[in-house]
Amino acid sequence: MNVSLQDMDSSAENNSVVHLAAPILPEESDVSNMTIIRTGNGSIIENQMFLNTMAAQALSGIFVWSALLMTCHQIYTHLRSYTVPNEQRYIIRILFIVPVYAFDSWLSLLFISNDQYYVYFDSVRDCYEAFVIYNFLSLSFEYLGGESAIMSEIRGKPIQSSCLYGTCCLVGNSYSIGFLRFCKQATLQFCVVKPIMAVITIILQAFGKYHDGDFNINGGYLYITIIYNFSVSLSLYALFLFFFATSDLLRPYEPVLKFLTIKSVIFLSFWQGMVLAILERCGVIPNALFIDGHEVGAGTVAAGWQNFIICIEMFFAAVALRYAFTCNVYQEKKNEVPGERETIPPMQSISSGLKETINPGDMVQDAIHNFSPAYQQYTMQSTQEVVQPSVNGKANTGNKSSRKSDKIMLITSDDEF
């Protein structure tokens, strides 16, 4: 068919180009079980996404359940050899980060078609990671015998300048009780900020004001990300300072692997999620409009990739934690107790140890103590007590020669360090 230039000009006059502010999407009844994504150049296509395939769910599930079995076995061995409660309480809490992270991320991946579910799951993960940071610092304090023992070693020593650890601005100062107080307070503030921000995120999500990677000033993601970054950076800085001050004292406990593993799981995963959200915002990661027929919001794909990657990473984290927090030293202490080499503690003893582990009361008391104005009037002394369980599983407290300590006591002191 021949078309003249005159006909084309006439057609151009009668038809104008309409630019749509939003893409024309099919009716909801037409997108059943369909996955519709917006590519980086803005085009709308129907395409299968890897994250909602059976292969992605099965692959991530294999890594998740392998990590769960490995970590749960390690937790069980610690509970069987629960000979140093003051240390193992913190270790078990730290180990629980693998089940919490892995299972939470896997559930979020399974329910990726509902863009609200992952926010609720991630809120649980956010709250627990703050709890782990506190326990890691408390474990380091416990390794060194408590605050008074640490101060007896570092008190009055000048703080050396180090650009790596961020102590350049502290040149001329010396270590004091205020230094330890700052490390504890900077860590505890993260334990407070994380849950509060998680609750705010859920509220904003319910009102449609929160989407991952949406840096619009009218949304909540920008402000929550700024607060998160400040809080997590302050907490990381405090841990770096403490490690820098006590690295020689902690050397017998091989702190490097412990430090790197915990920091990688918590802090790197946080910034990893933020980078993925930015990549989706920039169009590098396609933005899904519908997943399996369900309409989803911005940031869902980035959050899905974050959860998928975490499922894989938790397997390697479980391996690293198995070597970082080995149970061998506690099994040896158990074998040193006469008559305990061939005895397996009853389930009642294991359950009581687990109940003590999950009780966060010590963190609450420590927060009150560290933020109290009368902080310098106290010194926290930690000692160890090996409690010999009797045949029926109850603690035997009659033998004083076997006691070293198993409680943390706050005692009044006139020494202000």
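Predicted model, so just to flag it, every value in this text is computed and none were measured.

1. A closer look at the overall build of the protein
Secondary structure assignment for the protein yields 13 helices and eight strands. Looking at the protein as a whole, 46% of its 417 residues are labelled buried. Contacts in the protein between residues at least 24 apart in sequence constitute 75% of all its contacts with a sequence separation of at least 6. Here the protein has roughly 21,500 Å² of accessible surface; of this, 60% comes from carbon and sulfur atoms.

2. Brief notes about empty space enclosed by the protein
Counted under the stated rule, the structure contains five cavities of 30 Å³ or more. Lining the largest cavity are 27 residues, with D122, R125, D126, Y210 and D212 positioned closest to its centre. Going through the elements one at a time, α5 (117-143), α7 (177-206), α8 (221-250), α9 (255-281) and α10 (300-324) are the ones with two or more residues in the lining of the largest cavity. Of the residues assigned to the lining of the largest cavity, the class counts are 14 nonpolar, seven polar and six charged. Size it by volume and the second largest cavity reaches roughly 100 Å³. Surrounding the second largest cavity, F136, L137, S140, Y143, L239, F242, F243, L250, Y253, P255, K258 and F259 form its lining. Put simply, the parts of the chain that give the lining of the second largest cavity at least two residues each are α5, α8 and α9. Of the residues in the lining of the second largest cavity, the class split is ten nonpolar, one polar and one charged.

3. Here's the deal with the pattern of salt bridges
Applying the stated rule across the entire model yields four salt bridges. Of the charged contacts in the structure, one is a salt bridge between D122 and R125, with a shortest N-O distance of 3.4 Å. One end of the pair, D122, and the other, R125, are both in helix α5, three residues apart, so they sit about a helical turn from each other. Residue classification places R125 among the buried positions, given a relative accessible area of 6%. Several salt bridges converge on common partners, so that one network encompasses D104, D122 and R125.

4. Section: the packing of helix α6 (residues 147-154) against α7
It is at 10 Å that the axes of α6 and α7 come closest, and there the two elements cross at 130°. Between α6 and α7, the angle falls in the class oblique. You can see that α6 and α7 cross each other, and the crossing is right-handed. Every residue of α7 that contacts α6 at E147, I150, M151 and I154 is listed here: I177, F179, L180 and K184. A breakdown of the residues in the contact of α6 with α7 according to their chemical character gives six nonpolar, no polar and two charged.

5. Some remarks on the packing of aromatic side chains
All told, the structure shown has 19 aromatic pairs when counted by the stated rule. Ring geometry for F63 against F315: centres 5.7 Å apart, planes inclined by 80°, an arrangement best described as edge-to-face. Linking F63 in helix α2 (residues 54-80) with F315 in helix α10, this pair joins segments that are 252 residues apart in sequence. Residue class for F63 comes out partly exposed when judged on its relative accessible area of 21%. Within the aromatic cluster, the residues linked to one another by ring pairs are F136, F240, F243 and F259. A cation over a ring is seen here: R125 above Y101, with NZ or CZ 5.5 Å from the ring centre. K194 extends its terminal NZ or CZ atom over the ring of Y228, reaching a point 4.2 Å from the ring centre.

6. Concerning the environment of S113
Along the polypeptide, S113 turns up in the loop between α4 (97-110) and α5. When the C-alpha positions of S113 and I291 are compared, they lie 5.1 Å apart, and in sequence the two are 178 residues distant.

7. Details of a nonpolar patch on the surface
Taken together, the side chains of L110, F111, Y117 and Y120 present a nonpolar region at the surface, about 320 Å² in accessible area. Among the secondary structure elements, F111 is positioned in the loop between α4 and α5. Residue class for F111 comes out partly exposed when judged on its relative accessible area of 36%.

8. Some points on α6
E147, S148, I150, M151 and I154 are the residues of α6 that are buried. With its buried residues spanning 160° around the axis, α6 presents them on a single face. With its phi angle positive at about 85°, G156 sits one or two positions after the end of α6.

9. With respect to the nonpolar core
Across soluble globular proteins, nonpolar side chains show a tendency to be buried alongside one another. Formed by 78 residues in total, the largest nonpolar core has its most connected members in I97, F242, I262, I266 and F325. Sort the elements by how many residues they give to this core and α8 lands first, with twelve residues.

10. Comments concerning the confidence of the model for the protein
Do not read the predicted coordinates in detail wherever pLDDT is low. Averaged over every residue, the pLDDT of the protein is 74; residues scoring 70 or more account for 71%. Element-level pLDDT for the protein is lowest in strand β8 (residues 408-412), with a mean of 36, against a maximum mean of 93 in α2. Note that pLDDT drops below 50 for residues 376-417; the model gives that stretch 85 contacts with residues more than four away or on any other chain.

11. Brief notes about the side chain of Q74
Of note, Q74 is situated in helix α2. For Q74, a relative accessible area of 4% corresponds to the buried category. Within the structure, Q74 has its side chain in polar contact with the backbone oxygen of F325 (distance 2.9 Å). Apart from residues no more than four positions distant in its own chain, Q74 is found in contact with L95, A318, L321, R322, F325 and T326.

The rules behind the values
- Throughout this document, residue positions are counted from 1 along each chain, in the order its sequence is written.
- For a predicted model such as this one, the threshold for reporting local features is a pLDDT of at least 70, and the threshold for listing and counting side-chain atom pairs is 80 or more; totals across whole chains, interfaces and linings nevertheless cover every residue.
- The basis for the side-chain values is all heavy atoms of the structure; hydrogens and waters are excluded.
- By the criteria applied, helices consist of DSSP H or I runs no shorter than four residues and strands consist of E runs no shorter than two, each listed in order from the N terminus.
- Partly exposed describes any residue whose relative accessible area lies between the buried limit of under 20% and the exposed limit of over 50%, with all areas from a 1.4 Å probe on protein chains only and scaled to the type maximum.
- In what follows, a contact means two residues having at least one pair of non-hydrogen atoms within 4.5 Å.
- Computed by Shrake-Rupley with a 1.4 Å probe, the accessible areas treat only the displayed protein chains as cover when residues are assessed.
- Using only the protein atoms, space was sampled on a 1 Å grid; points where a 1.4 Å probe fits but cannot get out form cavities, open sets with protein on both sides within 12 Å along at least five of seven lines form pockets, and lining residues are those with an atom within 4 Å of a point.
- Grid points are joined across faces, edges and corners, and a volume is the space filled by probe spheres set on the points.
- The classification used treats Ala, Val, Leu, Ile, Met, Phe, Trp, Tyr, Cys and Pro as nonpolar, Asp, Glu, Lys and Arg as charged, and all other residues, Gly among them, as polar.
- Take a side-chain nitrogen of Lys or Arg and a carboxyl oxygen of Asp or Glu: if they are within 4 Å of each other, that pair is a salt bridge.
- Interaxial angle, 0 to 180 degrees, is taken between N-to-C directions of lines fitted to C-alpha atoms, where a helix line uses only the stretch in contact.
- Each angle receives one of four descriptions, namely roughly parallel if under 35 degrees, roughly antiparallel if over 145, roughly perpendicular if within 65 to 115, and oblique otherwise.
- Helix crossings are classified by the rotation of the near helix relative to the far one: an anticlockwise turn of less than a right angle makes the crossing left-handed, while a clockwise turn makes it right-handed.
- Ring pairs are drawn from Phe, Tyr and Trp, using the six-membered ring of Trp, whenever the two centres fall within 6.5 Å, and their geometry is named by plane angle: stacked under 30 degrees, edge-to-face over 60, tilted for the rest.
- To sit over a ring, a charge needs its Lys NZ or Arg CZ within 6 Å of the ring centre and within 35 degrees of the ring normal.
- A patch consists of residues whose relative accessible area exceeds 30% and which take part in no salt bridge; residues with like charges are grouped when within 9 Å of each other, and nonpolar side chains (Val, Leu, Ile, Met, Phe, Trp, Tyr) when within 5 Å.
- Starting at the helix axis, one direction is taken to each C-beta atom, and the arc is that of these directions.
- Think of a nonpolar core as a cluster: buried Ala, Val, Leu, Ile, Met, Phe, Trp, Tyr and Cys residues, connected wherever their side-chain atoms sit within 4.5 Å.
- Here pLDDT means the predictor's own confidence in every residue, given as a number from 0 to 100.
- Contacts described as polar in this section are N or O atom pairs within 3.5 Å, which, within protein, must combine one atom able to donate a hydrogen with one able to accept it, while residues neighboring in sequence count only if both atoms come from side chains.

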